[in-house]
Amino acid sequence: MSDRTQERIDADISAFVETMRYKLAQNNHKGYWDKSTLLRLANRVKEELDEVVDAILTGTLEDVQNEAADVGNFAMFIHSNAKREQEKKA
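Computed from a predicted model, the values in this text were never measured in an experiment.

Remarks on the overall build of the chain
At step 1: Across its full length, the chain holds 3 helices and 0 strands.
At step 2: Its C-alpha atoms give the chain principal-axis dimensions of about 45 × 30 × 20 Å.
At step 3: Residue pairs in contact within the chain that sit at least 24 positions apart in sequence constitute 75% of those at least 6 positions apart.
At step 4: Counting every atom, the chain has about 7000 Å² of accessible surface; 55% of that belongs to carbon and sulfur.
At step 5: In the chain, the 13 positive side-chain charges and the 17 negative ones have mean positions that sit 10 Å from each other.

Topic: the packing of aromatic side chains
At step 1: Scanning the model with the defined rule gives 3 aromatic pairs in all.
At step 2: Put simply, the rings of Tyr32, Trp33, Phe74 and Phe77 pair up and form one aromatic cluster.

Re the side chain of glutamate 48
At step 1: Within the element layout of this structure, glutamate 48 appears in helix H2 (residues 38-58).
At step 2: Overall, the relative accessible area of 4% leaves glutamate 48 in the buried class.

Brief notes about the pattern of salt bridges
At step 1: Taken as a whole and assessed by the stated rule, the structure comprises 7 salt bridges.
At step 2: Notably, a salt bridge pairs arginine 8 with aspartate 12, separated by 2.5 Å at the nearest N-O pair. With arginine 8 and aspartate 12 both in helix H1 (residues 6-26), this residue pair falls 4 residues apart, about one helical turn.
At step 3: Owing to a relative accessible area of 40%, aspartate 12 belongs among the partly exposed residues under this scheme.
At step 4: Here glutamate 87 and lysine 83 are joined by a salt bridge, their closest N and O atoms 3.5 Å apart. One end of the pair is glutamate 87 and the other is lysine 83, both in helix H3 (residues 61-89) and 4 residues apart, which spans about a single turn.
At step 5: Looking at lysine 83, the relative accessible area reads 45%, which means it is partly exposed.

Criteria and cut-off values
Residues numbered from 1 in each chain as written. Predicted model: local features only at pLDDT ≥ 70, side-chain atom pairs only at ≥ 80, totals over all residues. Heavy atoms only, no water. Helix = DSSP H or I, 4+ residues; strand = E, 2+ residues; numbered from the N terminus. Contact = heavy atoms within 4.5 Å. Areas by Shrake-Rupley, 256 points an atom, 1.4 Å probe, with all protein chains shown as cover. Lys, Arg positive; Asp, Glu negative; His and termini not counted. Charge placed at Lys NZ, Arg CZ, Asp CG, Glu CD. Phe/Tyr/Trp six-rings, centres within 6.5 Å; stacked < 30°, edge-to-face > 60°. Buried < 20%, exposed > 50% of the residue type's maximum accessible area, 1.4 Å probe, protein only. Salt bridge = Lys/Arg side-chain N within 4 Å of Asp/Glu carboxyl O.

What follows is the structure in structure tokens.
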């Protein structure tokens, strides 16, 4: 039986976003992502995904969650910059 209720999905999303915000705050000193190219950000997603695999193999569950949040943040950066580029062309 699946536990896939809207309530469960919302709770999972909220927990993920909370960790994403935590990781963004930890890396705030690195500045905003609007100067990065989409391809550079896509490469960073790959690098971060490798870190998720390493965390799965050798880290704690908290390490896995933090690295997954890094992947999510870089995916969000791509989304954000693509939207910004689209708005410039409109």
